[in-house]
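Examination of the molecular architecture
Chain by chain, the residues run as shown.
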Protein chains: 2
Amino acid sequence: MMRAGPSQEEIRKHNLGTLLRHVHLGGPTSRAELTSLMGLNRSTIMALTADLTAAGLVREELPRDTGRAGRPSLVVRPETARVYVLAFEVGVDRLAAARIGLGGVILDRREIVRERGPFDMGQVVGTLAGFARQMRRRTRDDTVCVGAAAAFCGAVRKSDGLVRSGPNIGAEEVPLAEELSRRLQLGLPVSVGNDANLGALAEHTRGVGMDCRDLVYLHGDVGIGGGVIVNGQLLGGHGGYGGEVGHMIVNPDGRPCGCGSRGCLEAEVGERALMEHAGRYGEGRGRDGVRDVVDAADRGDVVAQGALQRVGGWLGLGVANLVNIFNPEMVIFGGMLREIYLGSAAQVRSRIATGTLAATREHVRLRTSTLGDDATLMGAAEMAFARVLADPLEALSRVAN
Amino acid sequence: MMRAGPSQEEIRKHNLGTLLRHVHLGGPTSRAELTSLMGLNRSTIMALTADLTAAGLVREELPRDTGRAGRPSLVVRPETARVYVLAFEVGVDRLAAARIGLGGVILDRREIVRERGPFDMGQVVGTLAGFARQMRRRTRDDTVCVGAAAAFCGAVRKSDGLVRSGPNIGAEEVPLAEELSRRLQLGLPVSVGNDANLGALAEHTRGVGMDCRDLVYLHGDVGIGGGVIVNGQLLGGHGGYGGEVGHMIVNPDGRPCGCGSRGCLEAEVGERALMEHAGRYGEGRGRDGVRDVVDAADRGDVVAQGALQRVGGWLGLGVANLVNIFNPEMVIFGGMLREIYLGSAAQVRSRIATGTLAATREHVRLRTSTLGDDATLMGAAEMAFARVLADPLEALSRVAN
C-alpha cells in the first residue's frame with residue numbers, strides 16, 4: 001500500500017534500485033534513456049548515478065561510438081568486474097558454481113560431475129564451498145560479493161531455504177541454505193530456490209522469455225521441474241512450492257514415480273522413461289544418454305524414434321494442460337527437455353492442438369531455453385542480486401570482501 | 001514503476017481509492033482504524049473522508065454502540081443505498097441480475113430459468129436489460145450506478161469482453177460486452193468476465209478465501225470452470241483465459257468433452273458424467289438433478305454412491321494436480337461442485353493424499369463456497385466496482401443516474 005506519500009528517503013532508495021536494475025538487466029544505458037525510462041528529470045538521474053557511482057556499483061563513461069553528431073549522453077554501466085554474486089547449482093548429475101558480475105556476466109565458473117547416490121550434505125556443501133574459495137581467491141582486492149544463492153533440484157521452502165524433498169537426488173528435509181551459509185562464511189545469508197523456478201526467472205529476465213509477462217518454463221534434469229511466471233512474477237504459492245508441474249498426473253494408470261504417485265509427467269517423460277522405451281536403460285545416463293537417443297532417432301533408429309514419440313505425446317499432454325491453466329505467451333523447454341522437445345516437437349504440437357481451447361493456445365509460442373545449461377545458475381544469480389537491487393546502499397553496508 | 005515521486009494529485013487519488021476500498025470491503029470503519037490501516041495522520045484521513053462524503057460515496061456517523069467510555073471516533077460507512085453497480089450472470093441454466101450497493105450488499109435481484117439450447121444473444125441481452133430496467137425503476141432519485149459487469153460461463157477475452165467460446169451454452173465468438181453496453185444504455189461500458197474467475201474473486205474478497213493470498217476456486221455449472229488467485233491477484237494469463245482447469249485432461253482415454261478433447265476434468269466430473277454414471281441421464285438436470293443423486297447416495301442408493309465415488313476420484317485427481325501446480329492455501333468448491341464435493345470428500349481427500357508432494361499439500365484446506373449461488377454475481381459486482389475504487393472522484397463524473 002502506498003502511504004501518505006513515501007518519504008524522500010524511501011523514494012531515493014526506490015529510485016536507486018530502479019536505476020541499478022535498468023543497467024543490471026539492460027546493460028550500459030545512457031543518462032538520456034534513463035531519464036525517459038524512469039520518468040525523472042536529468043538532474044535527479046545525475047544525482048542517483050552519482051550515489052551509485054560513489055558506492056562503486058556503476059560507472060559513467062562516454063559511449064564507445066554513438067554514430068550521431070553532437071555531444072553524446074554519458075553511458076551508465078554496471079560495475080560488472082567489481083560487484084558480483086556467487087551462484088550455485090545442486091543437480092542430480094552435477095555440482096556447479098559461478099561468480100557472476102552485476103549485469104549478469106559469468107566471470108568465473110566451476111563444475112564437477114556428481115555421482116548418483118544418496119545425498120551427502122557434507123560432500124555437496126564442501127564441494128561448493130571449495131569452488132567458492134577458489135573463485136574468490138582469484139578476484140581483485142577491490143571486488144565485493146553482494147549475495148549468494150543456490151538452485152536445487154527439489155522442493156524448497158521459501159521462508160528459509162530448507163529442502164523439503166528431492167527424490168531424484170535422495171534428499172529429504174535438508175537445511176541446505178543454513179549449511180551453505182555456515183560453510184561459505186561470507187557474512188551473508190545464502191538463499192536456496194528450486195532449480196526450475198530459478199530457470200524460469202532467468203529466461204524471463206535474460207533469456208528467450210524476456211518480453212513475456214506470462215510464461216511456463218519446463219526443466220528436465222533427471223526428473224522434470226517447472227517454473228511459472230504469472231503477470232511478470234514468479235509463481236510461488238503458499239510455501240514457495242508452486243510450479244511442481246513434474247508431478248502433475250498425466251497418465252493415471254501410468255509408470256510409478258519417485259514421489260510415490262503414478263503417471264506423473266516426470267514418470268512418463270523423465271530420463272528413465274525415455275531410456276527404457278529406447279531399450280537403453282542402464283547404458284547411458286544423464287544428458288549424454290538422452291542425446292544419444294535423440295541422435296539415434298535422427299539417424300533413423302525406429303526404436304529410438306518410437307521412444308521419443310511416446311515420451312513426446314505425454315509431454316504434449318502436460319503442456320496442453322498448462323496452456324489451458326495458465327494461458328501463457330510462451331512455453332520454454334530447458335535442461336534435458338530441450339533435446340526431448342526438439343526430437344518430438346510434432347507430437348507435442350499435435351497434442352496441444354487437440355487438447356486445448358482455441359482461445360488459450362492461440363498466441364502461445366514454444367521455444368527452447370536460450371540460456372541452456374546456465375539457466376539455473378543465472379536464475380540463482382538473480383535471486384542473489386535481489387537484495388542489492390532492492391536497496392543498493394544498504395546492501396553494500398554488508399558485503400563479503 | 002514509482003516515478004520521481006508521485007504528484008500530490010496521484011497520491012490523493014490513490015489514497016481516496018484505498019480508503020474507499022477499506023470501507024467497501026471491511027464495512028463501517030472508524031477514523032482511528034483508517035488512520036492506523038493506512039498509515040496516515042488524522043487530518044489527512046479527515047480530508048479524504050470529507051472528499052468522499054462530498055461525492056456521496058461514504059458518510060460519517062457516530063457508531064451505534066462503542067461499549068467504551070470517552071468520545072468515540074466517527075465511523076465511515078459506504079453509501080450502500082445510494083451507490084451501486086449492476087451485476088449479471090449468464091449461466092447455462094439461469095440468467096440473473098442484481099443491483100449491488102457499495103459495500104457488497106445485494107439490494108435487489110432478478111433471476112429466470114434459461115432453457116437449454118443454442119445461445120440467443122437477443123434473448124439473453126433482452127432479458128438482462130429488462131431486469132436492469134425493472135431494478136433501476138425502483139431506485140430512489142439520488143442513487144447512482146457506477147458500473148456494470150457480467151459473469152459468463154465460457155472463455156472471455158480480457159481486452160474487450162468478447163466471448164470466445166462457451167460450449168455448454170452453445171456460444172462462440174459473441175460480442176457480449178459490446179451488446180450489453182449498447183442495450184443497457186447506461187453511458188458506461190459493461191465488463192464481462194469468466195464466471196469461475198469472478199467466483200474466485202468474490203470468495204477471495206468476501207467469502208471463505210478472504211485471508212488467503214493463494215487459492216483455487218472450482219465452479220461447477222454444467223461444465224467446470226476455475227479461477228485462481230496467485231499472491232492476491234486473479235490469474236489472467238496472456239489473453240485473460242487463464243484458469244481453464246475444467247479442460248485439464250485427467251483421463252487421456254476418457255469421456256469426450258464439449259471442447260472437442262477427451263478426458264477433461266469437466267468431461268469426467270461434470271453434470272452429464274454424474275447423471276450417466278447414476279443411470280439418471282435425461283431424468284433430471286442442473287443443480288436439482290445433481291442434488292437428487294447426492295441425496296440418493298445419502299439414503300444408501302448404491303448406484304448413486306458408485307457414481308459419486310467415480311466422479312469424486314477424478315475430481316480428486318484434478319485437485320491433486322492443481323495443488324502440485326499452485327501450492328494453494330485453499331481449494332474452494334462452488335456451484336454444483338459444492339454438492340459433488342460434499343458427496344465425495346473421501347475420494348477427493350484420498351486422491352490428494354496419494355497424488356501430491358507432502359510439501360505442496362501440507363497447508364491446503366478444502367472448503368465449499370460460502371457465497372454459494374451468489375458467488376459469480378458478487379464477483380461481477382467487484383469487477384464493476386473496480387473503476388470507482390481506482391479513481392473515486394473521476395468515476396463519479398461519469399455515472400448513470
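It should be emphasised that the depicted structure is a prediction, and the values quoted were computed from it without experimental measurement.

1. Quick look at a negative patch on the surface
Taken together, the side chains of Glu283, Asp292, Asp295 and Asp298 of chain A define an acidic patch exposed on the protein surface. Along the chain, aspartate 292 of chain A falls in helix α9 (residues 286–298).

2. Overview of the pattern of salt bridges
Residues and elements named next belong to chain A. Within this structure, the stated rule accounts for 56 salt bridges over all chains. The salt bridge partner of arginine 77 is glutamate 61, with a shortest N-O separation of 2.1 Å. Highlighted residues: arginine 77 in strand β3 (residues 75–78) and glutamate 61 in strand β2 (residues 58–61), separated in sequence by 16 residues. Residue arginine 77 is classed as buried on the basis of its relative accessible area, which comes to 16%. Close ionic contact of glutamate 111 with arginine 94 constitutes a salt bridge, the shortest N to O distance being 3.0 Å. Highlighted residues: glutamate 111 in strand β6 (residues 105–113) and arginine 94 in strand β5 (residues 94–101), separated in sequence by 17 residues. Residue class for glutamate 111 comes out partly exposed when judged on its relative accessible area of 44%.

3. Describing the interface of chain A and chain B
When the parts of a complex come together, some accessible area is lost, and that lost area is often taken as the interface size. Taken together, the contact between chain A and chain B spans 56 residues of the former and 56 residues of the latter. When the two sides are added together, the surface that chain A and chain B hide from each other amounts to roughly 4,600 Å², 64% of it contributed by carbon and sulfur. Here chain A and chain B share two salt bridges between them. Between glutamate 362 of chain B and arginine 164 of chain A there is a salt bridge whose closest N-O contact spans 2.7 Å. Counting across the chain A and chain B interface gives 18 residue pairs in polar contact (both at pLDDT 80 or more). Residue assignment for the side of chain A that touches chain B shows that the elements contributing at least two residues are α1 (8–26), α2 (31–38), α10 (302–326), α12 (345–355) and α13 (358–361) of chain A. For the side of chain A that touches chain B, the leading source of residues is α10 of chain A, giving seven residues. Tallied by class, the residues present in the side of chain A that touches chain B amount to 26 nonpolar, 23 polar and seven charged.

4. Re the relation of the copies chain A and chain B
Two chain copies here: they are related by a rotation about an axis and a translation along the same axis. Screw-axis analysis of chain A against chain B gives a translation of 0.0 Å along the axis, an RMSD of 0.0 Å, and a rotation angle of 180°. Put plainly, the chains are arranged around a two-fold axis. Looking at the interface residues of chain A, 100% of them are also at the interface in chain B, so both copies use one shared face.

5. Things to note about α10 of chain A
All names here are of chain A. Helix length check: α10 (25 residues) gives 35 Å between terminal C-alpha atoms against 36 Å at 1.5 Å per residue, within 8%. Of all the 25 residues making up α10, 18 are buried; the element is thus mostly covered by neighbouring parts of the structure. For α10, the side-chain oxygen to backbone nitrogen distance between the N-cap and valine 303 is 2.9 Å, and the N-cap itself is aspartate 301.

6. Description of the nonpolar core
Leu218, Phe326 and Phe333 of chain A together with Leu218, Phe326 and Phe333 of chain B are the most contacted members of the largest nonpolar core, which has 85 residues in total. Beyond its immediate chain neighbours, meaning those up to four positions away, leucine 218 of chain A contacts Gly225, Gly226, Val245, Leu315, Val319, Leu322, Val331, Ile332, Phe333, Gly334 and Leu337 of chain A.

7. So, the packing of helix α10 (residues 302–326) of chain B against helix α11 (residues 337–355) of chain B
Residue and element names in this part refer to chain B. In contact at an axis separation of 7 Å, α10 and α11 are set at 60° when each is read in the N-to-C sense. For the element pair α10 / α11, the angle class is oblique. Like other packed secondary-structure pairs, α10 and α11 cross with a definite hand, here right-handed. Taking contact as the criterion, the partners of Leu308, Gln309, Val311, Gly312, Gly313, Leu315, Gly316, Leu317, Val319, Ala320 and Asn324 in α10 are, on α11, Leu337, Ile340, Tyr341, Gly343, Ser344, Gln347, Val348, Arg351, Ile352 and Gly355. Tallied by class, the residues present in the contact of α10 with α11 amount to eleven nonpolar, nine polar and one charged.

8. Describing helix α4 (residues 121–137) of chain B
Residue and element names in this part refer to chain B. An ideal rise of 1.5 Å per residue puts 24 Å on 17 residues; α4 measures up with 24 Å between its terminal C-alpha atoms. On its buried face, α4 is in contact with β4 (83–90), β5 (94–101), β6 (105–113), β10 (171–174) and α5 (176–184). Backbone nitrogen of glycine 122 and a side-chain oxygen of the N-cap are separated by 3.0 Å at the start of α4; the cap is aspartate 120.

9. Overview of the sheet that holds β10 of chain B
Sheet strands associate in pairs through backbone hydrogen bonding, adopting either a parallel or an antiparallel arrangement. Spatially, three strands are ordered β8-β9-β10 (chain B) in an open sheet, and the strand pairing comes out antiparallel. For this open sheet the edge positions go to β8 (155–156) and β10 of chain B, each flanked by a neighbour on one side alone.

10. Points about the packing of aromatic side chains
All told, the structure shown has five aromatic pairs over all chains when counted by the stated rule. Each ring, one from phenylalanine 119 of chain A and one from phenylalanine 152 of chain A, has its centre 6.0 Å from the other, and the planes form 85°; the classification is edge-to-face. You can see phenylalanine 119 of chain A sitting in the loop between β6 and α4 (121–137) and its partner phenylalanine 152 of chain A sitting in strand β7 (residues 144–152), a full 33 residues away along the chain. Residue phenylalanine 152 of chain A is classed as buried on the basis of its relative accessible area, which comes to 0%. Here the aromatic rings of phenylalanine 326 of chain A and phenylalanine 326 of chain B are separated by 5.1 Å at their centres, their planes lie at 45°, and the arrangement is tilted. Taken together, the residues phenylalanine 326 of chain A in helix α10 and phenylalanine 326 of chain B in helix α10 connect one chain to another. According to the relative accessible area criterion, phenylalanine 326 of chain B is buried, its value standing at 3%. For arginine 99 of chain A, the ring lying beneath its charged end belongs to tyrosine 84 of chain A, and the centroid distance is 4.7 Å.

Rules behind the numbers
- Residues numbered from 1 in each chain as written.
- Chains lettered and ligands numbered in written order.
- Predicted model: local features only at pLDDT ≥ 70, side-chain atom pairs only at ≥ 80, totals over all residues.
- Heavy atoms only, no water.
- Patch = residues over 30% accessible without salt bridge, like charges linked within 9 Å, V, L, I, M, F, W, Y side chains within 5 Å.
- Areas by Shrake-Rupley, 256 points an atom, 1.4 Å probe, with all protein chains shown as cover.
- Salt bridge = Lys/Arg side-chain N within 4 Å of Asp/Glu carboxyl O.
- Lys, Arg positive; Asp, Glu negative; His and termini not counted.
- Charge placed at Lys NZ, Arg CZ, Asp CG, Glu CD.
- Helix = DSSP H or I, 4+ residues; strand = E, 2+ residues; numbered from the N terminus.
- Buried < 20%, exposed > 50% of the residue type's maximum accessible area, 1.4 Å probe, protein only.
- Contact = heavy atoms within 4.5 Å.
- Buried area = accessible area lost by both parts, 1.4 Å probe.
- Polar contact = N/O pair within 3.5 Å; in protein donor to acceptor, adjacent residues only side chain to side chain.
- Nonpolar A, V, L, I, M, F, W, Y, C, P; charged D, E, K, R; others polar.
- Least-squares fit on C-alpha atoms with pLDDT ≥ 70 in both.
- Expected span 1.5 Å × (residues − 1).
- Core = buried A, V, L, I, M, F, W, Y, C linked by side-chain atoms within 4.5 Å.
- Axes fitted to C-alpha atoms, helices over the stretch in contact; angles between N-to-C directions.
- Parallel < 35°, antiparallel > 145°, perpendicular 65-115°, else oblique.
- Left-handed = near helix turned anticlockwise from the far one by under 90°.
- Pairing = 2+ DSSP bridges.
- Phe/Tyr/Trp six-rings, centres within 6.5 Å; stacked < 30°, edge-to-face > 60°.
- Lys NZ or Arg CZ within 6 Å of the ring centre and 35° of its normal.

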